[in-house]
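Chains, contacts and geometry: an overview
For reference, the chains in residue letters:
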Amino acid sequence: MNGGDEVIAAPAGPPQPLEWKFSQVFGERTAGEEVQEVDIISAIEFDKSGDHLATGDRGGRVVLFERTDTKDHGSSRRDLERMDYPITRHPEFRYKTEFQSHEPEFDYLKSLEIEEKINKIRWCQTANGALFLLSTNDKTIKFWKVQEKKVKKISEMNVDPTKVVGNGSLASSSNSTSSPKQYLANGGYPDRSCPSNDFPIPAGGIPSLHLPVVTSHETSLVARCRRVYAHAHDYHINSISNNSDGETFISADDLRINLWNLEISNQSFNIVDVKPANMEDLTEVITSAEFHPTHCNTLAYSSSKGSIRLIDLRQSALCDSHAKLFEEQEAPGSKSFFTEIIASISDIKFGKDGRYILSRDYMTLKLWDINMDSGPVATFQVHEYLRPKLCDLYENDSIFDKFECCLSGDGLRVATGSYSNLFRVFGCAPGSTEATTLEASKNPMRRHVQTPSRPSRSLSSITRVVRRGAENTGVDANGNSFDFTTKLLHLAWHPTENSIACAAANSLYMYYA
């Protein structure tokens, strides 16, 4: 207090660690149930409002969910909080619709099967109450429109429905007798007592005659493919990303990034090409690419060598030269056979304001400031306890697993997945020591760790004990096992709230804090 009327605020410390709670699960497996390969979720994405969630699976299907807990009040959760409206329910979603986005194909020129698996989904701007999204498999991108259509029905017929037979001819009492009348093809019958074309119409008309009226009460969701962007990639597409201009998007494969206009499906511009003249000289490939959230001329892409390049579309038509390069120099003497493999970045995401980029390599999450290219501003160890097991991970190909990452809408936390269906949430605010481990189950906090002083020991003790065959599990120094077959690759953070959706095989789990 100063003079009795001024309060000197204490410096605000880092936010408190969140306590995560289970919200919902879709497609939960029963004990011992066999998971079908086509049902395994391969992509998750919230739209910008956070009111819709899309998932794609290996069977080429896209499933949409819509939020229900804010619809009753007609306002967003944040608006209700501003009005001090009591919010007692956590974020809830319900199944909305699903559609078959991609089918398996065969490339006859290359004798190559193209699987239907959905690699990425990206939401586009909504218009006139319709939802728009992009989905891609290895070769083909599709632009979908999902809209409610009214189901039209004919009502107010002029005849009594209890006396209608066939296609509208009138029934008489003899219809119920043992000898039914012989009807003609057009629904009439050859009985001269029936009204015919010669039937005289009274001057005042027939008072009981009404024209049918078309009414629409029910609505059904219809998904329609508006455009197909095909034949532009020789290698497998690993990323698609919308531009903030609402008109263009990029698609990236191992060696090239193409720029598309949403309205033009037969033409794209190649803006990045890292293919060398001689393929034997190839040393790195593109692993992920994303547009800046607000600057329509800026995008970033990552490589298998652990570097991130920021490019400016205003510099030249072909952006082979980067505006900025972000990479971390390896410590001298630390190089091993696995160094380059685990340095490969599997996913990058811009923060909401575009200031920071989050990257995920095999062992770590790194947070980069785009104004500081000397190195990451923070590094988070995801599963350091696996380092002694890299040889086993290489032998069973797990070392090539591509884990995704995500940032919270406020930029204070980051998250990514691991093995044994675990995922990790880290606080990235200055001074934060938050490091939470959660399990994709109905009891997520049973694997909860904070501020591990020695990550390799602390993390190993929280791994869930799961044994599904000795060849797929490893045992750490503490005797706990970790299961390489149950991996949590895909997850997404709600754009405005502390809510996470993650995929464990064919199940979609949702949590809130």
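Just above sits the structure.
A short tour of the structure in this document, coming up. Since the model is a prediction, treat every value here as computed from it, not as a measurement.

Definitions and cut-offs
Residue indices follow the written sequence of each chain, beginning from 1 at its first position. Per-residue local features of the predicted model are confined to residues with pLDDT of at least 70, and side-chain atom pairs are confined, for both listing and counting, to 80 or more; whole-chain, interface and lining totals are unaffected and use all residues. Where side-chain values are given, they derive from all heavy atoms of the structure, hydrogens and water being excluded. Using only the protein atoms, space was sampled on a 1 Å grid; points where a 1.4 Å probe fits but cannot get out form cavities, open sets with protein on both sides within 12 Å along at least five of seven lines form pockets, and lining residues are those with an atom within 4 Å of a point. Grid points are joined across faces, edges and corners, and a volume is the space filled by probe spheres set on the points. Starting at the N terminus, helices and strands are each numbered in turn, a helix being any DSSP run of H or I of at least four residues and a strand any DSSP run of E of at least two. Note on aromatic pairs: the rings of Phe, Tyr and Trp (six-membered ring only in Trp) are paired at centre separations within 6.5 Å, and the planes decide the class, stacked below 30 degrees, edge-to-face beyond 60, tilted for the rest. Note on classification: 1.4 Å probe, protein chains only; a residue is buried when its accessible area is under 20% of the maximum for its type, exposed when over 50%, partly exposed between these limits. Here a polar contact means two N or O atoms within 3.5 Å. Within protein one must be a hydrogen donor candidate and the other an acceptor candidate, and residues neighboring in sequence count only if both atoms are side-chain atoms. For this analysis, residues touch if any pair of their heavy atoms sits within 4.5 Å.

**Points about empty space enclosed by the protein**
- A complete count under the given rule lists one cavity of 30 Å³ or more for this structure.
- Taken as a whole, the largest cavity spans an internal volume of roughly 50 Å³.
- Lining the largest cavity, in full, are A43, I44, E45, K120, I121, R122, D347, K349 and E404.
- Broken down by secondary-structure element, the contributors of at least two residues to the lining of the largest cavity are β2 (41–46), β8 (120–123) and β22 (347–350).

**Some words on the packing of aromatic side chains**
- On inspection of all chains with the given rule, the structure shows 23 aromatic pairs.
- Judged by centre distance (5.1 Å) and plane angle (75°), the ring pair of Y229 and F249 falls under edge-to-face. Of this pair, Y229 sits in strand β13 (residues 213–229) while F249 is found in strand β15 (residues 248–252), placing the two residues 20 residues apart along the sequence. Here Y229 matches F249 in class, with each residue buried.
- Ring geometry for F380 and F426: centres 5.0 Å apart, planes at 25°, overall stacked. A residue pair is termed long-range when its members are at least 10 positions apart, and F380 in strand β25 (residues 378–381) and F426 in strand β28 (residues 422–427) qualify at 46 residues. Of the two residues, F380 and F426, neither departs from the other in class, the shared state being buried.
- One aromatic cluster is present, formed by F22, F423, Y509 and Y511 through successive ring pairs.

**What to know about the side chain of S499**
- For S499, the position within the fold is in strand β33 (residues 499–504).
- At 3.2 Å, the side chain of S499 forms a polar contact with the backbone oxygen of Y511.
- The residues touching S499, leaving out its near neighbours within four places in the chain, are W20, P91, A492, W493, H494, Y511 and Y512.

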